[in-house]
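Structure at a glance
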Amino acid sequence: MATGTEPPATEPHPRSGGVRAGTRAAIDAPHLRTDRWWLAPAGTVAGLLAFIVYSTWRAFANADYYAAPYVSPFYSPCLAENCEPMKAGPNWEIFGGWWGISPAIIILIFPLGFRLTCYYYRKAYYRGFWASPPACAVAEPHRKYTGETRFPLVLQNIHRYFFYAALLVAGILTYDTVLAFRDENYEWGHMGLGTLVFLVNIVLIWAYTLSCHSCRHIVGGKLKHFSKHPVRYRMWQWVGKLNARHMLLAWASLVSVALADFYVYLVASGAFDDPRFF
């Protein structure tokens, strides 16, 4: 019985692939969506490009990243000999004098690798930059789809290992936040606007990190009987609630870490004086 969507028996111009594949229904329009579906991928591209441009500038600047007691999260821990001295701060001169470029390049590999291989970010930049697919019910224009089975996308599978590195980085940023309760003379018991900025940032960093799908699997994966593991079951439920907000936490923490760095930049460059609450 004819449905009106069968392709004709013969076509003068065979379909080449993608949305024009020969197995597709004989519909002239590439999709039937009439809403502004392109806003989401366009917004994703704009947001990620803005962060890429800003973080690249700050990473290679190699300046204005420390103003006691605040250190930029882009430069923490500072692992090169050419780092600015930070009293009781994250100065670990693992890389000696031979390292000549910005020390931020060393440490940013790990948080950026964690985000680059994150399940949410993969969906976001696949849709935004590669149109694979650009949106739900909008077919991608590519003729061939291989998923993440070939180089370089097969490297996305190392996400679980970047998760462990992200835990370490989050722990160090927590230490930096504790140090933010000092004043410019390294005296304890003080709090400035920067301390509040660091507190908000570290809460969002931990929430995003722990909401990761890898964390959820580590906590509750490979268990056949939750009843025999009540503690891990409760942790799995808690991580699951965070995981439901993984997209929101991914963007919120991305903005917060950039704002924390920008705040340190303003204070370190002398453009802004850190207000003190007590």
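Model, not experiment: these values are computed from the prediction.

Quick look at the UniProt feature "transmembrane region" (unreviewed entry) in the protein chain
- Taken from the UniProt record, the annotation "transmembrane region" (unreviewed entry) applies to residues 37-57, 94-114, 161-182, 188-208 and 248-268.
- The straight-line gap between the two end C-alpha atoms of residues 188-208 is 29 Å; of that span, 76% is helix and 0% is strand.

A short note on empty space enclosed by the protein
- The full count for this structure, using the stated rule, is 2 cavities of 30 Å³ or more.
- Put simply, the largest cavity is a space of about 250 Å³.
- Lining the largest cavity are 18 residues, and of these Pro111, Arg115, Val169, Ile205 and Val257 lie nearest its centre.
- Within the residue set of the lining of the largest cavity, elements represented by two or more residues are helix 1 (39-61), helix 2 (104-116), helix 4 (159-179), helix 5 (193-210) and helix 8 (246-268).

Describing the packing of helix 1 against helix 8
- Helix 8 packs onto helix 1 with a crossing angle of 30° between their chain directions and a minimal axis gap of 11 Å. By the angle between their axes, helix 1 is roughly parallel relative to helix 8. For the pair helix 1 and helix 8, the sense of crossing is left-handed. Where helix 1 abuts helix 8, its residues Thr44, Gly47, Leu48, Phe51, Tyr54, Trp57 and Arg58 lie against Trp251, Leu254, Val257, Ala258, Asp261, Phe262 and Tyr265.
- In terms of residue class, the contact of helix 1 with helix 8 is made up of 10 nonpolar, 2 polar and 2 charged.

With respect to the pattern of salt bridges
- Inspection of the entire model under this criterion finds 5 salt bridges.
- Asp35 serves as the salt-bridge partner of Arg33, at 2.7 Å between the closest nitrogen and oxygen.
- With a shortest N-O distance of 3.5 Å, Asp274 and Arg276 are connected by a salt bridge.
- Connected via shared salt-bridge partners are Glu184, Asp274 and Arg276.

So, the packing of helix 1 against helix 3 (residues 119-130)
- One can describe the packing of helix 1 onto helix 3 by two numbers: an axis separation of 8 Å at closest approach and a directional angle of 110°. When the axes of helix 1 and helix 3 are compared, the pair comes out roughly perpendicular. Along the contact surface, helix 1 presents Pro41, Thr44, Val45, Leu48 and Leu49, while helix 3 presents Tyr121, Ala124, Tyr125, Arg127, Gly128 and Phe129.
- Class assignment for the residues of the contact of helix 1 with helix 3 results in 8 nonpolar, 2 polar and 1 charged.

Some details on a nonpolar patch on the surface
- On the surface, Phe151, Val154, Leu155, Ile158, Tyr161, Tyr164 and Ile218 cluster together to form a nonpolar patch covering roughly 710 Å² of accessible area.
- In this fold, Ile218 is placed in helix 6 (residues 213-220).
- By relative accessible area, Ile218 is classed as partly exposed at 37%.

Regarding the packing of aromatic side chains
- Enumeration over the complete set of coordinates arrives at 24 aromatic pairs.
- Measuring from centroid to centroid gives 6.3 Å for Tyr54 and Phe262, while their planes differ by 70°, and the two rings are edge-to-face. Of this pair, Tyr54 sits in helix 1 while Phe262 sits in helix 8; the two residues are 208 residues apart in sequence, bridging distant segments of the chain.
- Overall, Tyr54 belongs to the buried group, its relative accessible area being 17%.

Structural notes on the state of the cysteines
- Within this structure, the stated rule accounts for 1 disulfide.
- With its sulfur 2.0 Å from that of its partner, Cys78 forms a disulfide with Cys83. Handedness of the Cys78-Cys83 disulfide follows from its S-S torsion of about -95°: it is left-handed. For the pair formed by Cys78 and Cys83, the shared burial category is buried.
- In this structure Cys118 is not part of a disulfide, and its nearest cysteine sulfur, from Cys212, lies 6.3 Å away.
- Owing to a relative accessible area of 1%, Cys118 belongs among the buried residues under this scheme.

Considerations on the layout of surface pockets
- The computed volume of the largest pocket comes to approximately 550 Å³.
- Forming the boundary of the largest pocket are 21 residues, of which Leu112, Arg115, Leu116, Thr117 and Tyr125 lie nearest the centre.
- At the level of secondary structure, the elements contributing two or more residues to the lining of the largest pocket comprise helix 1, helix 2 and helix 3.
- The class makeup of the residues in the lining of the largest pocket is 15 nonpolar, 5 polar and 1 charged.
- Roughly 300 Å³ of internal volume is contained in the second largest pocket.
- Lining of the second largest pocket is provided by 15 residues; of these, Ser132, Tyr145, Thr146, Gly147 and Leu153 occupy positions nearest its centre.
- A per-class count over the lining of the second largest pocket returns 7 nonpolar, 4 polar and 4 charged.

Here is what the cut-offs are and how they apply
Residues numbered from 1 in each chain as written. Predicted model: local features only at pLDDT ≥ 70, side-chain atom pairs only at ≥ 80, totals over all residues. Heavy atoms only, no water. UniProt positions renumbered as here; feature names shortened; annotations may be inferred. Helix = DSSP H or I, 4+ residues; strand = E, 2+ residues; numbered from the N terminus. 1 Å grid on protein atoms, 1.4 Å probe; cavity = no way out; pocket = protein on both sides within 12 Å on 5 of 7 lines; lining within 4 Å. Points joined across faces, edges and corners; volume = space filled by probe spheres on them. Axes fitted to C-alpha atoms, helices over the stretch in contact; angles between N-to-C directions. Parallel < 35°, antiparallel > 145°, perpendicular 65-115°, else oblique. Left-handed = near helix turned anticlockwise from the far one by under 90°. Contact = heavy atoms within 4.5 Å. Nonpolar A, V, L, I, M, F, W, Y, C, P; charged D, E, K, R; others polar. Salt bridge = Lys/Arg side-chain N within 4 Å of Asp/Glu carboxyl O. Patch = residues over 30% accessible without salt bridge, like charges linked within 9 Å, V, L, I, M, F, W, Y side chains within 5 Å. Areas by Shrake-Rupley, 256 points an atom, 1.4 Å probe, with all protein chains shown as cover. Buried < 20%, exposed > 50% of the residue type's maximum accessible area, 1.4 Å probe, protein only. Phe/Tyr/Trp six-rings, centres within 6.5 Å; stacked < 30°, edge-to-face > 60°. Disulfide = S-S within 2.5 Å.

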